[in-house]
Amino acid sequence: MGIKTEVLEEGQGDNPGPHDFVTIHYKLMLLDGTLVGNSYGEDSDMGGDPFRFCMGCGSVIRGLEMAILELRVGSKARIMVTPDLAYGTKGLYPFIPANAGLICELHLLHAQAS
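Residues numbered from 1 in each chain as written. Predicted model: local features only at pLDDT ≥ 70, side-chain atom pairs only at ≥ 80, totals over all residues. Heavy atoms only, no water.

Chemist: Can you walk me through the overall build of the protein in this structure?
Modeler: Scanning the protein from terminus to terminus reveals one helix and six strands. Beginning at the N terminus, the succession of helices and strands in the protein can be written as β-β-β-β-α-β-β. Relative to a compact globule of 114 residues, whose C-alpha radius of gyration would be 13 Å, the protein shows 13 Å and is just as compact. By residue count, 41% of the 114 residues in the protein fall in the buried class. Taking as baseline every contact in the protein between residues at least 6 positions apart, the subset at least 24 positions apart corresponds to 69%. (Helix = DSSP H or I, 4+ residues; strand = E, 2+ residues; numbered from the N terminus. Rg over C-alpha atoms; globule rule 2.2 N^0.38 Å. Buried < 20%, exposed > 50% of the residue type's maximum accessible area, 1.4 Å probe, protein only. Contact = heavy atoms within 4.5 Å.)

Chemist: Explain the nonpolar core to me, please; I cannot follow it from the model alone.
Modeler: Across soluble globular proteins, nonpolar side chains show a tendency to be buried alongside one another. Counting 26 residues, the largest nonpolar core has Leu-64, Ile-68, Leu-106 and Leu-108 as its most contacted members. Elements that contribute at least two residues to this core include exactly strand E2 (21-30), helix H1 (62-69), strand E5 (76-81) and strand E6 (102-112). In contact with Leu-64, other than residues within four places in its own chain, are Ile-79, Cys-104 and Leu-106. (Core = buried A, V, L, I, M, F, W, Y, C linked by side-chain atoms within 4.5 Å.)

Chemist: Honestly, the packing of aromatic side chains in this entry has me stumped. Any pointers?
Modeler: Scanning the entire structure with this criterion turns up two aromatic pairs. For the pair Tyr-26 and Phe-51, a centre-to-centre distance of 6.1 Å together with 65° between the ring planes defines the contact as edge-to-face. Remark: Phe-51 occurs in strand E4 (residues 51-54) and Tyr-26 occurs in strand E2; sequence separation between them is 25 residues. Where Phe-51 meets Phe-53, the ring centres are 5.1 Å apart and the plane angle is 25°; that geometry is what we call stacked. Under the relative-accessibility criterion, Phe-51 is labelled partly exposed at 21%. (Phe/Tyr/Trp six-rings, centres within 6.5 Å; stacked < 30°, edge-to-face > 60°.)

Chemist: Quick question: what am I supposed to make of the environment of Gly-56 here?
Modeler: Relative to the helices and strands, Gly-56 is located in the loop between E4 and H1. For the pair Gly-56 and Phe-21, spaced 35 residues apart in sequence, the C-alpha to C-alpha distance is 9.4 Å. When residues no more than four places from it in sequence are discounted, the contact partners of Gly-56 are Pro-18 and Glu-65.

Chemist: What exactly am I supposed to notice about H1 here?
Modeler: In an α-helix, one turn spans 3.6 residues, which is why side chains three or four residues apart end up on the same side. Here H1 has its buried residues at Gly-63, Leu-64, Glu-65, Ala-67 and Ile-68. Looking at the buried residues of H1, the elements they touch are strand E1 (3-9), E2, E4, E5 and E6.

Chemist: Hey, could you run me through the state of the cysteines in this one?
Modeler: Structurally, a disulfide amounts to a covalent bond that connects the sulfur atoms of two cysteines. Applying the stated criterion across every chain, the model contains one disulfide. Across a sulfur-sulfur distance of 2.3 Å, Cys-54 and Cys-57 are joined as a disulfide pair. Owing to a relative accessible area of 13%, Cys-54 belongs among the buried residues under this scheme. With no disulfide partner, Cys-104 has as its closest neighbouring cysteine sulfur the one in Cys-54, 18 Å distant. Its relative accessible area of 3% is what places Cys-104 among the buried residues. (Disulfide = S-S within 2.5 Å.)

Chemist: Help me understand unusual backbone geometry, please; the structure alone is not making it clear to me.
Modeler: Excluding glycine, a negative phi dihedral is what most residues carry, and trans is how most peptide bonds are arranged. With an omega of 0°, the peptide bond running from Tyr-93 to Pro-94 counts as cis. Its place among the elements puts Pro-94 in the loop between E5 and E6. You will see that Asn-99, though not glycine, has its phi angle at about 60°, which is positive. When you line up the elements, Asn-99 lands in the loop between E5 and E6.

Below you can see the structure in the form of structure tokens.
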């Protein structure tokens, strides 16, 4: 159980802190490759804008926060998250079924101290 992070491109910035505001671009998929969330492109969940959120504020799944803390700003990574650190036994109806593992491909664009 947990996360597995594959760094695709190492960033040159600092690691974000546990309460920083971070900005990412992301693609979120089920393990079979089904796209369930996306910030890239005009037809995306975010209208093409990156996603900004507060670390430690419950805005994203716990596994994603854990992985982001280990990345440097500018990094691109593929993160596999087990269900216990994603949406668990409830899922996120109708997009993510119960007990689903997830893959998140992300680009950590910015981190700012809160």
